[in-house]
Amino acid sequence: MKIHHVCLVLAGILLTGCISDDDSSVLPTQFSGRILYSDTMEPVPNIEIEIGPQKRRFPVNIFFPAQRFTPENDGDGSFNVSFEGNGDIDLFRINVTITDENGIILNSFNEFNGLVCSPEECNDYEPGRSHENLLILVPRE
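Below, the structure is looked at part by part. All of these numbers come straight from a predicted model, not from anything done at the bench. Positions within a chain are numbered from 1, following the residues in the order the chain's sequence is written. Per-residue local features are limited, in this predicted model, to residues with pLDDT of at least 70; the limit for side-chain atom pairs, both in listing and counting, is 80 or more; totals at the level of whole chains, interfaces and linings are taken over all residues. Side-chain calculation: all heavy atoms of the structure are included, whereas hydrogens and water are not.

A short note on the overall build of the chain
Working step 1: A run of H or I in DSSP becomes a helix once it reaches four residues, and a run of E becomes a strand once it reaches two; helices and strands are each numbered from the N terminus. When its secondary structure is counted, the chain shows 1 helix and 9 strands.
Working step 2: Its helices and strands in sequence order give the chain the pattern α-β-β-β-β-β-β-β-β-β, from N to C terminus.
Working step 3: Every one of the 141 residues in the chain was classed for burial, and the buried ones make up 33%.
Working step 4: The contacts of the chain with a sequence gap of at least 6 include a subset with a gap of at least 24, amounting to 64%.
Working step 5: Areas reported as accessible are Shrake-Rupley estimates using a 1.4 Å probe. Residue values count occlusion only from the protein chains shown. As presented, the chain carries roughly 9000 Å² of accessible surface, and 55% of it is formed by carbon and sulfur atoms. For the exposure calls, accessible area comes from a 1.4 Å probe over protein chains only, and a residue counts as buried if that area is under 20% of its type's maximum, exposed if over 50%, partly exposed in between. Contact criterion: two residues are considered in contact whenever any of their non-hydrogen atoms come within 4.5 Å of each other.

Brief notes about the pattern of salt bridges
Working step 1: Just to be clear on terms, a salt bridge is a Lys or Arg side-chain nitrogen sitting within 4 Å of an Asp or Glu carboxyl oxygen. Taken as a whole and judged by the stated rule, the model has 5 salt bridges.
Working step 2: Note that glutamate 50 and arginine 68 form a salt bridge whose closest N and O atoms lie 2.6 Å from each other. Residue glutamate 50 is found in strand β2 (residues 47-57), and its partner arginine 68 is found in strand β4 (residues 67-69); the two are separated by 18 residues along the sequence.
Working step 3: Residue glutamate 126 is joined to arginine 129 by a salt bridge in which the shortest nitrogen-to-oxygen separation is 3.9 Å.

Read these as spatial facts, not as claims about activity.
This is the structure:
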């Protein structure tokens, strides 16, 4: 009987240790690479990148607001961004928006309308990892 109680107490302790809201053990999610036109492999000027977190829940995914940023205009299409606090995120997705010089949106691309990402899919980046040397290809408008 005493062994049975000890086992129950130990099981409770183990389960309590598995359930935690603390995401401090989750590393930042890092994205870096280049965004180029798919036909010429030239950098795409005047872009905004959206990186959006998601949670997988049957039967639909829950989309959280995407973080938008404009990469430094260094002429080679490079970008680099990091996200902290990924404990409640199952995956990230990437979208690319092309704007004019005044910031007016001309077109937006995702994995469903021509955006191609490699070496991973545009909508399936794991949190807590470094996703480096990404090549994101945007179709010509």
